[in-house]
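Observations on the three-dimensional arrangement
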Amino acid sequence: MEKIVINGGAPLRGSVDVSGSKNAALPIIYACILVKGKCIIENIPNIIDINRSFDILRGMGAVIRTVNKTTVEIDCTNVVCGTSDYNLVRRLRGSYYLLGAELGRFGKARVAYPGGCDFGVRPIDQHIKGFKALGGEVITDGGYIEISTKDNKITPANIYFDMSTVGATLNIMIASAISDGVTVIENAAREPHIVDCANFLNSCGANISGAGSDVIKIKGVQSLHGCTYAIIPDMIEAGSFMVAAAATRGHVRINNVIPKHLESITAKLEEVGAVVEEFDDSVEVIANRPLKPTNVKTLPYPGFPTDMHPQMCALLATIEGISFINESIYDNRFKYIEELKRMGADIKVDGRIVTITGGVPLSAAPLIAVDLRGGIAVLTAALTCEGVSEISEINLIERGYDDIVGKLKGLGADIKKICAPDPVALKKAN
């Protein structure tokens with residue numbers, strides 16, 4: 001069992017390079033199924049969810065070759081529909097892009113129900129609504145989702161989503177890229193990784209317009225070809241380092257970012273009193289003066305991202321005064337708070353409202369990463385307080401953060417990853 005050990009209390013200083021976006025890489029990797037040929041994908045993050053996705057594709061017949069540390073070549077020419085590994089698919093949320101990719105190429109799909117972090121109800125009803133609009137008959141049985149269409153061909157359609165949904169927007173965009181006719185998605189999500197996936201598909205010969213707005217038009221084409229494409233930087237990783245710099249009262253330059261994607265995070269950091277300077281492809285965060293509380297409401301892009309809620313809570317716990325976070329996206333994204341309270345944080349949850357009475361000194365403690373972003377939140381908190389904290393279940397952090405220990409070391413953190421004995425295994429051995 002691996003753990004991260006932090007001897008905290010020192011400000012982060014220096015510069016750090018952000019990896020490619022997890023949330024962009026996952027749909028693009030699965031969208032390669034549409035292509036009978038080789039796609040070279042650059043700026044790929046080395047994280048658990050990506051590596052599991054490669055394993056899923058290999059099991060379906062794809063040939064994946066590592067070109068260098070951040071570049072892979074994916075050839076899905078011989079992928080077989082409906083052969084994805086049940087147990088692997090169940091271990092990550094992004095595996096649901098298999099549905100759109102299989103439906104788009106084969107006119108049918110059979111994929112296990114997706115997994116991922118557990119922080120409340122995360123239905124895929126809007127995905128299913130979209131698939132049905134494209135002429136799919138959807139059956140959920142025995143842990144699988146099966147979709148069939150007449151003559152194995154989708155029917156282009158106008159689809160209006162009941163809410164802004166990133167996953168469903170991507171799935172329908174992928175599914176309808178190869179088709180006879182025009183599909184229009186209204187009330188589409190606007191996140192940067194949707195734009196990135198559309199740009200990738202267009203580089204392969206698709207005809208998609210409007211990505212980044214609330215109306216996306218997909219003019220179907222007969223086939224797609226391979227291409228070379230670079231994934232955008234990870235805005236959530238960048239935001240996590242920005243918040244960690246402020247929480248430790250440090251001075252950090254974060255490189256390989258698109259500052260426009262970070263505007264909502266930048267605005268909140270400036271509200272609490274940190275200085276954020278923007279450059280062409282980097283931002284610098286300086287927190288060398290007293291910070292003040294603020295209120296945060298999570299919203300779909302371009303609002304403040306729900307994936308930054310836990311990290312922001314960790315920061316606000318270090319700031320004297322009362323702050324509030326209104327979580328408007330997920331109904332139960334609060335498991336990490338018990339870990340912050342274990343460190344002495346004064347935090348209360350009422351429905352979807354988090355009240356943080358900050359400025360109470362935090363203490364080092366044994367901690368658990370309860371999910372991906374909650375894990376990085378407790379890691380951030382551990383960096384701020386003197387003493388040694390140990391974080392277990394770090395595989396949840398490594399699902400979305402490439403070399404987090406090495407990058408924090410480069411910023412001066414006293415941090416290491418250790419292999420600790422598994423207490424369950426020890427008990428059985430004795």
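What counts and how
Residues numbered from 1 in each chain as written. Predicted model: local features only at pLDDT ≥ 70, side-chain atom pairs only at ≥ 80, totals over all residues. Heavy atoms only, no water. Helix = DSSP H or I, 4+ residues; strand = E, 2+ residues; numbered from the N terminus. Buried < 20%, exposed > 50% of the residue type's maximum accessible area, 1.4 Å probe, protein only. Expected span 1.5 Å × (residues − 1). Contact = heavy atoms within 4.5 Å. Pairing = 2+ DSSP bridges. Axes fitted to C-alpha atoms, helices over the stretch in contact; angles between N-to-C directions. Parallel < 35°, antiparallel > 145°, perpendicular 65-115°, else oblique. Left-handed = near helix turned anticlockwise from the far one by under 90°.

**Here's the deal with unusual backbone geometry**
Each neighbour pair has its own omega, and for Tyr 301 with Pro 302 the value is 15°, a cis peptide bond. Phi is positive for Asn 152, which is not a glycine, with a value near 55°. Topologically, Asn 152 is positioned in the loop between β8 (144-148) and β9 (158-160). Of the residues examined, Asn 152 reaches a relative accessible area of 41% and is grouped as partly exposed. A positive phi angle, near 60°, is found at Glu 393, a position not held by glycine. The residue Glu 393 is located in the loop between β22 (387-392) and α13 (395-398) in this model.

**A word on helix α2 (residues 48-59)**
Here α2 contains 12 residues, and its C-alpha end-to-end distance of 16 Å stays within 8% of the 16 Å for a straight helix at 1.5 Å per residue. Asp 49, Ile 50, Arg 52, Ser 53, Phe 54, Ile 56 and Leu 57 are the residues of α2 that are buried. Turning to α2, the residues buried within the fold contact α1 (22-31), β4 (63-68), β5 (71-75), α3 (86-89) and α4 (97-106). Of the residues flanking the end of α2, it is Gly 61, one or two places downstream, whose phi is positive at about 110°.

**Digging into the sheet that holds strand β6 (residues 108-112)**
One open sheet accounts for three strands, arranged β6-β8-β7; its pairing is antiparallel. On the outer flanks of this sheet lie β6 and β7 (137-141), each paired with one strand and no other. Taken over all neighbouring pairs, the strand axes of this sheet differ in orientation by 10° on average, direction set aside. Two strands pair when backbone bridges link them, and β7 and β8 are joined in this way by five bridges, in the antiparallel orientation. The residue of β8 that forms the bridge with Val 138 is Ile 147. Of the strands in this sheet, β6 and β8 touch α4, which is tilted by about 160° from β6.

**Topic: the packing of α4 against helix α6 (residues 166-175)**
For the pair α4 and α6, interaxial distance at closest approach is 7 Å and the crossing angle is 15°. The orientation of α4 with respect to α6, classified from their angle, is roughly parallel. As for how α4 packs across α6, the hand of that crossing is right-handed. Facing Tyr 97, Leu 99, Gly 100, Ala 101, Leu 103 and Gly 104 of α4, the residues of α6 in contact are Gly 167, Leu 170, Asn 171, Ile 174 and Ala 175.

**Side note on the sheet that holds strand β18 (residues 321-326)**
Overall, mixed pairing links the four strands, which are arranged β17-β18-β20-β19 in an open sheet. Edge strands, defined here as strands with exactly one partner in the open sheet, are β17 (295-297) and β19 (346-350). When strand polarity is set aside, the average angle formed by the axes of neighbouring strands in this sheet is 15°. Pairing of β19 with strand β20 (residues 353-358), which is carried by five bridges, proceeds in the antiparallel orientation.

**With respect to α4**
α4 sits mainly inside the fold: nine of its 10 residues count as buried. Those residues of α4 that sit buried are Tyr 97, Leu 98, Leu 99, Gly 100, Ala 101, Glu 102, Leu 103, Gly 104 and Arg 105. Downstream of α4 by one or two residues, Gly 107 has phi in the positive range, about 75°.

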